[in-house]
Amino acid sequence: MTGGERMLNIVERNDEELEIIQHGENVFHEALELVMDGEERIHVTDKNGKVPDYDLVYTENMLLFPEVIRAKIRQMTGGKVLGDYLTYDEENEYLLCLDFIKQFKKIELEVVDEYSIVLSRMALKHSDATIYYTDDKFTWFIEDSDRVVKVDDLPDEKDQDTLRVTGSAFEFGFSTRDFTKLGSVPAFQNIFFWQAFAVGKKGPFKYVEVVLNSVTGIGGILSNMSTLGKASKNKGFEAYLRPNCTRYPEDLLCRYFKINTKPEDATEDNTLVVNDMPIIHTTWYCCHFPSSFDESIFDETFAEQMKRYTDAVLRGKKTLGVLARGTDYVTADLGGDRIHATAEQMITVIQKWVEEDGYEKIFLATEDQDIFKKIREAFPKKVIAVIQRRTSVKELKKKGATLLSELEKKSREGQAYRDALEDTTVNYFYALYILSKCDAFLCSGQCNGWDTVRSLNHDGFKRERKLFVNHEGDPAIEDWKTIRPITAGMFARGTYPTSKPLYMTYRFDLNEEVEPDAIKEAWDKTLSVYPYVGYAVGIREGQLVLLENDLPFVITETSEVIEPYGRAGNFHTVTFCYLDKVLCMYVDHIPFDGTGFKAVLETFFYHYYCIYDKCEYKAPDGVNIEGVAQGQDVDAYRMVNAIDPSVMKKNGVNGDAYVLDEEKKDEMFPSSEDIRGYCISAPSDEFMSYAKSVKASPMSLLSVLYAKTVNRIHPENKKPIKTLLPISIRNVMGNENSLLHQVVHVPNIINIEDLDKGDEELNMGQREFLKGVSSEQNIKMMCGIYHGICEGFTKAYAAGALDGIIIEQHSGMSNTGFLSYLGTLRGDEYTNRIRMSAFHGMPGNGIMLQLAEVGNHFYIDWYQGFHGDMYAKAMRDIMKEAGIKGVRLERVE
């Protein structure tokens, strides 16, 4: 279920025998009554005949998220972030947040559904906003008004004081505190959230009972009670914590803290029960009441003990306080503003502050043993800390736990668990209290500890900083000169989780041992031709940018992977790892695509073999060997005006395509342990002889071979086989030298019955298809769409919302394979001494095939996100049966 379907979605009438209701003002409420009786789809008819018949289809709001997201939400919150709203009352202003809608002068609707219509009615009644819509279905529910305007298209950029309502549940607003662009469900929830907890009751209410769960730590309890306490008080309610709803016994909480407990006169009728805290916590209203408290929240005895201990620890020394979170902030993989700085990144800032301000001591608060060890080793005899048991990411994974609370339960039971919980709680607040009394404060990222320390600090710190590495980048390169923003590469960034590096892997098996000095010299010559390759990719204010980078390139003898982009690779976009006769290059996929980077490889290998062989080879036609190559950073996407990406969805290939069983996993992206790689090589003369005999191009032949492979393994399948093909735009757009991400992706369908045709007819059909999608008209249209996609991804990345889009897109994909043809690596006779045994991007759960010719062989570099070699062996056998006798299959890492 994707973000395009709503709680009650308005769809075309079908022929099923269903319950029928009349169209009218209360049609949604009548439909919801039937939903509560078990109906999921309802026919609607208009007795006056003014509105065509339609259906309302019910989808539970949380099902708008893919299962992988729902599982993470359940894990981290124990509940949900969207209410059910099976009952709600537009007239009960007592339980509405009308201030949210009153702040806007315009409301722009990208979708027409139950919630956007109800929101529009509320805006027309309670605000002065003008509503702009594009879908005529809107007029079925809203009467004509001078404040209701039909437009053909909504503007690319919305004005200030405008609410844009979209069709994505991922548009939440909370992470960036920007509530001007929301999915229709979150937009509706920002008005009706109190009613999510009223369960049909009208009020009046006196109390709000806060129900937290075993996931919530002590910092979260105090923070949530502070926020909701103030939010409730503003509404005239008093908030209290439900007894024993967390993993902390009530007597423990009362022993150390002053938390409102359940009043004697609290009843079911006068109390709102907030049992899913994120529903209210993520609203515009609640963000006006940030957590804050002082020492009065502590029991007096506990506060006095912490004060004495703090004085003894700090001893009047000028101290830098450091809060470094690791462990479950890593294993939970939360993304966005919850990605915390690493120990190495923290050390960079600590070193700078110590040098500038002369701190005598560093008080370090961390639960992560590895972080503790690294920072203490970086600043010997300077680090002080509370004595406590620390753990590590490795230990969490070993014990099969994602959260620290899970590890605690797995490690102890009964009284031993309760005693450990109390020790952990006391140590946690001792550490935070000491941090609040330091002279300066550095925090690794967003967490409750940041808010608590700042709340407890009355006099202000000399300097304070909460690192936000996903928005600000690595502190080590924050002073590097910015060249320009990344543009075309944002498409690549929008295909893989932003918390993970995205790079291409090349493996070349050479005839002779790799010569590292020749690599360095050849690479220096290559950089003189392609200086673009020498830039770093960094982050500035939430935007990916190119930076000047004066650090040396990494050229290391190792069989391990040294990833580009980060510290290990000196922030360069290319790293070299070699061992014996094997040379691996790891290339950041953001600034390059495979076709563009082939030009860099051609220049590099020309110079490498000239140096290695101490001779001057003939420069291959079209290969730049000296002088700066012109147009290497030209973005042809931007030669065309941006087009709304939804055009691609409307014009896309529809239908139910076959999905490999191996792809059907809960996790959308495979772990390194699950990935398998193979290389199918064949002599060029045999490969092309067969291709010519069936009038095939290399790309059409790869498509046909893949479809036949899937059919051989799954002869029972009757569904079409769908693949995704990248098409280079350089020839059409005239930017042949561009290294940027300059491809567009087209879905290709081969129907099972087509496989009964002759190979010649099948390949001719594929060539006609490729010719059509490569036409100037289609390429230019696709460039406009990709221009729009890149701009959208840039905004989503800055807003911390790109990961949601990535997951939303991948949850709806049905490709069985990703196929690409890179062409021929141009060069002299030395190319016969190079075997390209591996080339791939970051594979998903399916199969990725890259076809290229190097020297006198074609290579099909095969990567898949699952175990097993049956598909690779099947393709090898099909090629042998076609007369390509020299075909060879090998396993590669």
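Overview of the overall build of the chain
Each helix and strand in the chain was counted, giving 28 helices and 32 strands. Against the globule reference of 29 Å for 893 residues, the chain gives a C-alpha radius of gyration of 30 Å, in line with a compact fold. Seen through its principal axes, the chain has C-alpha atoms that stretch 90 × 85 × 50 Å. Of all 893 residues assigned to the chain, the portion counted as buried reaches 56%. Expressed as a percentage of contacts within the chain between residues at least 6 apart in sequence, the contacts between residues at least 24 apart total 73%.

A look at a negative patch on the surface
On the surface, a cluster of negative charge is made up of D152, D153, D156, D644 and E791. Its location among the elements puts E791 in helix α26 (residues 776-798). Here E791 falls in the partly exposed class, since its relative accessible area comes to 30%.

Examining helix α12 (residues 369-378)
Every buried residue of α12 is listed here: I371, F372 and I375. Projected onto a plane normal to the axis of α12, the buried residues spread over an arc of 100 degrees and lie on a single side. Each element contacted by the buried residues of α12 is listed here: α11 (343-357), β14 (361-365) and β15 (383-384).

Points about the sheet that holds strand β22 (residues 555-557)
Ordered in space as β22-β23-β24-β19-β29, the five strands form an open sheet in which the pairing is mixed. Taken across any chain shown, the strands that pair with only one partner, and hence form the sheet edges, are β22 and β29 (834-840). With direction set aside, neighbouring strand axes in the sheet form an average angle of 20 degrees. Examined bridge by bridge, strand β19 (residues 503-510) and β29 share six bridges and lie antiparallel to one another. Note on β29: the bridge partner recorded for T505 is H840. Against the sheet, helix α19 (residues 516-529) makes contact with β22, β23 (574-579) and β24 (582-588), and its axis sits at roughly 160 degrees relative to β23, the strand it touches most.

Considering the sheet that holds strand β6 (residues 130-133)
The strands that make up a sheet are held in pairs by hydrogen bonds between backbone atoms, and each pair lies either parallel or antiparallel. With parallel pairing, the five strands of this open sheet are ordered in space as β7-β6-β5-β8-β9. Every other strand in the sheet has two partners, leaving β7 (148-150) and β9 (181-183) as the edge strands with one partner each. This sheet shows a mean twist of 20 degrees between the axes of neighbouring strands, independent of strand direction. Docked against the sheet, helix α4 (residues 114-126) engages β5 (106-109), β6, β7 and β8 (162-166), running at close to 165 degrees with respect to β5.

Re the confidence of the model for the chain
Here the chain shows a mean pLDDT of 90. Residues at 70 or above account for 95%. Note on residues 1-6: pLDDT is under 50 here. Beyond four places in sequence and across chains, it has 26 contacts.

Section: the side chain of T526
Looking at the secondary structure, you find T526 in helix α19. A relative accessible area of 1% means that T526 is categorised as buried. There is a polar contact of 2.8 Å between the side chain of T526 and the backbone oxygen of A522. Not counting chain neighbours up to four residues away, the residues in contact with T526 comprise V600, T603, F604 and H607.

Examining the pattern of salt bridges
In this structure the tally under the stated criterion is 47 salt bridges. One salt bridge in this structure joins D55 and R13, with 3.9 Å as the shortest N-O distance. One end of the pair, D55, is in strand β4 (residues 54-58); the other, R13, is in the loop between β1 (8-12) and β2 (20-22), and 42 residues separate them in sequence. A relative accessible area of 31% means that R13 is categorised as partly exposed. The salt bridge involving R463 is made with D357; its shortest N-O contact spans 2.8 Å. With R463 in the loop between α16 (448-456) and β17 (464-466) and D357 in helix α11, this pair connects stretches of sequence that are 106 residues apart.

Here's the deal with the pairing of β24
Counting buried positions along β24 yields seven of seven residues, so the element is predominantly enclosed. Residues of β24 alternate between two faces, with V582, C584, Y586 and D588 on one and L583, M585 and V587 on the opposite face, all of them buried. Pairing of β19 with β24, which is carried by seven bridges, proceeds in the antiparallel orientation. What sits directly across from Y503, in β24, is D588. Here six bridges tie β23 to β24, and the two strands are oriented antiparallel to one another. Across the sheet, T575 pairs through a bridge with Y586, a residue of β24. Here β23 folds back onto β24, and the loop between the two strands holds two residues, one of which, D580, carries a positive phi near 60 degrees.

Details of unusual backbone geometry
Between G203 and the following residue, P204, the backbone shows a cis peptide bond with an omega angle of 5 degrees. Examined against the element boundaries, P204 turns out to sit in the loop between α5 (184-192) and β10 (207-210). Of note in this structure, R315 is not a glycine but carries a positive phi near 50 degrees. Within the element layout of this structure, R315 appears in the loop between α9 (300-314) and β13 (319-323). For R315, a relative accessible area of 59% gives the class exposed. Positive phi outside glycine occurs at Y565, with the angle close to 85 degrees. Within the secondary structure layout, Y565 lies in the loop between β22 and β23.

Examining the packing of aromatic side chains
The full count for this structure, using the stated rule, is 58 aromatic pairs. With 6.1 Å between their ring centres and 85 degrees between their planes, Y503 and Y586 make a pair best called edge-to-face. Here Y503 is found in strand β19, whereas its partner Y586 is found in strand β24, with 83 residues between them in sequence. Here the two residues Y503 and Y586 agree in accessibility, since each one is buried. The ring of Y359 is capped by K318, whose NZ or CZ atom sits 5.5 Å from the centre of that ring. The side chain of R390 reaches across the aromatic face of F372, ending 4.1 Å from its centre.

Definitions and limits used
Counting from 1, residues in each chain are numbered in the order their sequence is written. Reporting of local features is limited, given that this is a predicted model, to residues whose pLDDT is at least 70; pairs of side-chain atoms are given and counted only at 80 or more, and all residues count toward the totals for whole chains, interfaces and linings. Note that water and hydrogens are dropped before the side-chain values are worked out from all heavy atoms of the structure. Each helix is a run of DSSP H or I of at least 4 residues and each strand a run of E of at least 2, with the numbering of both proceeding from the N terminus. When we talk radius of gyration, it's over C-alpha atoms, and the globule rule is simply 2.2 Å times the number of residues to the 0.38. Categorising residues by exposure relies on relative accessible area from a 1.4 Å probe, with only protein chains included: less than 20% of the type maximum marks a residue as buried, more than 50% marks it as exposed, and the intermediate range marks it as partly exposed. Here, two residues are considered to be in contact whenever any of their heavy atoms come within 4.5 Å of each other. The patches reported here contain residues having more than 30% relative accessible area and no salt bridge. Joining distances are 9 Å for like charges and 5 Å for nonpolar side chains (Val, Leu, Ile, Met, Phe, Trp, Tyr). For every accessible area listed, the method is Shrake-Rupley and the probe measures 1.4 Å; residues are considered covered only by the protein chains on display. The salt bridge definition used is simple: a Lys or Arg side-chain nitrogen within 4 Å of an Asp or Glu carboxyl oxygen. This count recognises Lys and Arg as positive and Asp and Glu as negative, with His and chain-terminal groups excluded. A charged residue contributes its charge at one atom only: NZ of Lys, CZ of Arg, CG of Asp or CD of Glu. Each C-beta atom gives one direction from the helix axis, and the arc is the one those directions make. Only when DSSP finds a minimum of two bridges between them are two strands counted as paired. Convention adopted: a line fitted to C-alpha atoms gives each axis, helices being fitted over their contacting stretch, and angles between N-to-C directions are expressed from 0 to 180 degrees. Per-residue confidence from the predictor is reported as pLDDT, a score between 0 and 100. N or O atoms closer than or at 3.5 Å make up a polar contact, with two conditions inside protein: a donor-capable atom paired with an acceptor-capable one, and, for residues adjacent in sequence, both atoms drawn from side chains. Paired rings are identified among Phe, Tyr and Trp, the last through its six-membered ring, by centres lying within 6.5 Å, and are further divided according to the angle between planes into stacked (under 30 degrees), edge-to-face (over 60) and tilted (the rest). For a Lys NZ or an Arg CZ to count as sitting over a ring, it must be within 6 Å of the ring centre and within 35 degrees of the ring normal.

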